[in-house]
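What the coordinates show
Here's the letter readout for the chains.
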Amino acid sequence: MREEENPQESASCVQVATQAEFASPAGFIMITPAFELSQDPDFLTVKIRVPYARASEFDIYFEGEDFKFYAKPYFLRLTLPGRIVEDGREKASYNTDEGTFTIQLPKEVPGQYFEGLDMLTSLLAPKKSRSAKPLVEEMDSAASAELSEENEEEFDWEMEQTPYEESPPPLQHPYGFGNLRSGVFQRLQDELSDVIDIKDPDQTPAEERRRRRLAAEAAKFEPDHYLADFFEDETIKHLLKYKPWWIDAHKKMTALQGGSHQEHDSPAFVVFSEEEREQMRKFTNKSYLLDKRSRHHVYLGLIDILLAYCYEIRVNEGDKNVESSWNIRKLSATLCWLESFSSIHDVLVSFGRRVLCYPLYRHFELVTRAFSDTGMILQLGKAAVLKCLLDIHKIFMESDPAYILNDLFITDYCIWIQKVKSKKLAALCESLQKTTLSKSHMGLELEELEAAAVLVQEEEKALKAAGTVSKQQLLCSESETSDSEESNSTSSSETEGSDSDEQESSTSEDGEINSFQGTLQEERTAPLIDCNGLRQGTDTLAMEVGDGKSKVSLQSTTAPRKLVEELEMQMQSAMRLSEQPEGLATAGCISQEQEENPVPEPDRFSEDAAGKGNFLEVSPKPNPLLFLCSTNEDED
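Residues numbered from 1 in each chain as written. Predicted model: local features only at pLDDT ≥ 70, side-chain atom pairs only at ≥ 80, totals over all residues. Heavy atoms only, no water.

Remarks on the pairing of strand β5 (residues 74–84)
Within β5, eight of the 11 residues are buried, leaving the element largely enclosed by the surrounding structure. As defined by bridge partners, strand β4 (residues 57–71) adjoins β5 across seven bridges and the pair is classed as antiparallel. Bridged to lysine 68 within β5 is arginine 77. Counted between consecutive antiparallel strands, the loop separating β4 from β5 contains two residues. (Buried < 20%, exposed > 50% of the residue type's maximum accessible area, 1.4 Å probe, protein only. Helix = DSSP H or I, 4+ residues; strand = E, 2+ residues; numbered from the N terminus. Pairing = 2+ DSSP bridges.)

Pasting the structure below:
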């Protein structure tokens, strides 16, 4: 079809050009435009973005499974998964603001579902490449015999002969997608150690790779790290609660389908971003000639890569970081050791061992959760698988030198998965769900480690409980001792209380005497006098007595008679005081001593055998040298 239209208007009818009429101009580079396909029961809709194109002139050709579009300088050729027909209902429109053509093409069979419309790379393939057959096929023995006989009859005996030259033996140790690559790491020795763990993979057979891998995992396993994550699992529980995008998509699919898997509806729950569409358009479409064994290895390698990707998404909760590339390639033995598995169970065991040996979080629940996540992705169909592979491809492209793994595996997986039949993935998912995995399969004695750790914990708890009991007993004994000490102190305090009562009574009596007698002050120029006798001196003795009304002044004189008379008078006063309670006399004596001549504590008290202090008593015997306070006002 070639049609001219106003760029601001849309065409309601499309005139189809014949194959002969449709020809792209030669002599300039053609650009593959961005495009996307959608469908309803009656129409297939193709939306093509052609910015800065000459929208006034464009060509469209479609017939059966072929579709071609040209608008200078854009050219698009698609091989559709279903047949379309020209019946007058086809329409095309152009949006000048967005620069997009929207073309609606009627389906040959109304209601037919076209599968794989989001597999853009496979749609770009020419029709002849979609049915590519292996160039070498194995035939049965009878057919081979008949063919050999025919060849013998037709054999040209006159053919030119050339000397036999021994060709180099084929490489015995291939690797990569479908084991189609070899010799790659001979050219990349510098990047080898940063990408894979195996040394010299080109010269190492598959069995030796597996043996070395198992030995490396056993040496790397750390029981302390595993047990720490096993018992202190708060972070693990948090990570297990995370819900990646495929969980919601799987729930929607299950709810819509009522639990029955309808393969043709599942791609509706997976939406590709524009960046992902651009990735698919950049891939070079090609076909892969894989034998049965190689296909088996490819499917098992796909499971291994998806398991590692699911772990990475969960532990980082959907965010990407510098460790994302390392996590994916380290946990996948397919990528890290170029492993070729022979069963799904071997894939799960390998992934489980590597999770428990290498990453930050090493918990068996993360293994089983990645197991279930991979099953959900496979149930969603190849669109979900492709979305995961495109994300891995992007992660490796941003990580140097992990991009090598894109060339070896991921790019080929992204192209190959678009052509895989959905029933193949469904059968693979069913086989995966039937496979069981337990800790005993890991070969790391996990159950024994956990049992031993639990016993140690129980012993620690028992010792801690015993220590608590002994501590309580010690506290009880200390409390009993303190109680006995308190009782002793109480009895002693009672004794001291009785003594203090006596002292208080003496003090009260002393207060009465002091209130009765007044304040006694002595300014000495005469000998010091205490309750034990007279210390000689020549100073003057001044005494203020009793009630503050009278003062007595005794001055030393040279006349001995006057002194003797005064002594007799004081002796009589002492006699009267000695007849009073001894506390009064003692108080008077002590108050006089404290005011006249303060002395240390031991001089004021005498201790008996019981250890109690007693005041010194005034001797009742007359002593002519004893000076005492008189309460007799008549003697002033």
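Moving on, there is more to tell.
Details of the packing of aromatic side chains
Tallied over the full model, the rule gives 14 aromatic pairs. Ring plane angle 85° and centroid distance 4.9 Å describe the contact between phenylalanine 177 and tyrosine 413, whose orientation is recorded as edge-to-face. You can see phenylalanine 177 sitting in the loop between α2 (141–153) and α3 (189–195) and its partner tyrosine 413 sitting in helix α15 (residues 403–417), a full 236 residues away along the chain. On the accessibility criterion, tyrosine 413 (2% relative accessible area) is buried. Ring geometry for tyrosine 226 versus phenylalanine 230: centroids 6.2 Å apart, planes at 20°, classification stacked. Of the two residues, tyrosine 226 and phenylalanine 230 both sit in helix α5 (residues 223–231), four residues apart, roughly one turn of that helix. The exposure class assigned to phenylalanine 230 is partly exposed, which follows from its relative accessible area of 23%. For the cation-ring pair, lysine 107 lies above phenylalanine 114, with the distance from its terminal atom to the ring centre recorded as 4.9 Å. (Phe/Tyr/Trp six-rings, centres within 6.5 Å; stacked < 30°, edge-to-face > 60°. Lys NZ or Arg CZ within 6 Å of the ring centre and 35° of its normal.)

Remarks on the sheet that holds strand β7 (residues 100–106)
The antiparallel open sheet is built from four strands, whose spatial order is β2-β3-β7-β6. Each edge of the sheet is formed by a strand with only one pairing partner; in this case those strands are β2 (34–39) and β6 (91–95). On average, each strand axis in the sheet is tilted by 15° relative to the strand beside it, whichever way the strands run. Sheet topology places β2 next to strand β3 (residues 43–49); six bridges connect them, and they run antiparallel. Across the sheet, the residue bridging to serine 38 is threonine 45, located in β3. (Axes fitted to C-alpha atoms, helices over the stretch in contact; angles between N-to-C directions.)

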